[in-house]
Amino acid sequence: MKGEVQRTAKAETSSPRSQRNRTVLFQVALFSAVAVFTVLTFLARTTPFFPIDLLITGAIQSIDSPFFAGFMWLISWPGFLPQSLLVTLLVALGLYVYGLRWEALASLLAAGSSGVTNQFVKEVIQRPRPASDLVHVFAVLESYSFPSGHVMFYVSFFGFIWYLAYALFKQSVQRSLVLGFAGGLILLVGVSRIYLGQHWASDVLGAYLLGGLLLTGIILFYRWGRTRFAIRSGGAQ
């Protein structure tokens, strides 16, 4: 009975109708993300910050704990140079040594495209970072604020690593650790950037949206090229 139920569920999820529904949902989600990001970008170009940005920052920074402050800084630390470059190269090298050469190249593309895209949008929007007379700023940064570069890097790069671990490897403790670590960084980096006073919540939201769109493109490109260029020496475990 259990096997029959599983076969029926698999048949339903792989049916043409189910595939069409997933395609439509994906397209709707993609269009919605583009639309929201477009509106948010226009508003960020004309508004230094929103009232809700102040409220969210005040609420998060009201957490008065040295441990929490240190933890938030630790979450953000890998996103600064030269750490971000070192992490990217080490992960790509590990994938290459393991035999995942196309995956290594795609991971470099995920990190590099994130940085280039983020810098381009920042220069176009030129939104100032939170001022120290409005919120507590742990360290002053000279670059523009919208969208958050940390969040974009974490979503595109660590998001791609999360996808690889989920798609290529069998269930194991190691796989679960990678999924939990990468997913945790992606979820927490937005909070850390707000807590440290280096971005507004709207900067973070914009970065999650743009980073998600970029990650989608990277995954589609990776899947397109995997059957054409992938040369793998080992098997996923």
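Residues numbered from 1 in each chain as written. Predicted model: local features only at pLDDT ≥ 70, side-chain atom pairs only at ≥ 80, totals over all residues. Heavy atoms only, no water.

Digging into helix α4 (residues 66-76)
Along α4, the residues that are buried comprise Phe68, Ala69, Met72, Ile75 and Ser76. Along the axis of α4, the buried residues cluster in a sector spanning 125 degrees; they form a single face. Across from the buried face of α4, at angles greater than 90 degrees, the exposed residues are Pro66, Phe67 and Leu74. (Buried < 20%, exposed > 50% of the residue type's maximum accessible area, 1.4 Å probe, protein only. Helix = DSSP H or I, 4+ residues; strand = E, 2+ residues; numbered from the N terminus. Arc of directions from axis to C-beta.)

Notes on the packing of aromatic side chains
For the coordinates displayed, the defined rule picks out 18 aromatic pairs. Measuring from centroid to centroid gives 6.2 Å for Phe37 and Phe146, while their planes differ by 15 degrees, and the two rings are stacked. Of the two residues, Phe37 sits in helix α2 (residues 16-46) while Phe146 sits in the loop between α6 (101-125) and α7 (149-168), which places them 109 residues apart along the sequence. Phe146 matches Phe37 in its accessibility class, with the two residues each being buried. With a centroid separation of 6.4 Å and 25 degrees between ring planes, the pair formed by Phe160 and Tyr163 is classed as stacked. On the criterion of helical spacing, the pair formed by Phe160 and Tyr163 is a turn pair, its members being 3 residues apart in helix α7. By relative accessible area, Tyr163 is classed as buried at 18%. Grouping aromatic residues by their ring pairs yields a cluster made of Phe153, Tyr154, Phe157 and Phe158. One residue, Arg127, lies across the ring of Phe50, its end atom 5.1 Å from the ring centre. (Phe/Tyr/Trp six-rings, centres within 6.5 Å; stacked < 30°, edge-to-face > 60°. Lys NZ or Arg CZ within 6 Å of the ring centre and 35° of its normal.)

Comments concerning the layout of surface pockets
If a probe as big as a water molecule is rolled over the atoms, it shows which places are left empty. Space inside the largest pocket adds up to approximately 480 Å³. Every residue lining the largest pocket is counted, 22 residues in all, and those nearest its centre are Gly79, Leu81, Ser84, Gly149 and His150. If you tally residues by element for the lining of the largest pocket, the top one is α6, at 7 residues. When its volume is computed, the second largest pocket comes out at roughly 270 Å³. Forming the boundary of the second largest pocket are 14 residues, of which Leu95, Ile161, Ala165, Phe169 and Val178 lie nearest the centre. Listed by contribution, the elements that provide at least two residues to the lining of the second largest pocket are α5 (83-98), α7 and α8 (173-195). In terms of residue count, the dominant contributor to the lining of the second largest pocket is α5 (4 residues). Of the residues contributing to the lining of the second largest pocket, the split by class is 9 nonpolar, 4 polar and 1 charged. (1 Å grid on protein atoms, 1.4 Å probe; cavity = no way out; pocket = protein on both sides within 12 Å on 5 of 7 lines; lining within 4 Å. Points joined across faces, edges and corners; volume = space filled by probe spheres on them. Nonpolar A, V, L, I, M, F, W, Y, C, P; charged D, E, K, R; others polar.)

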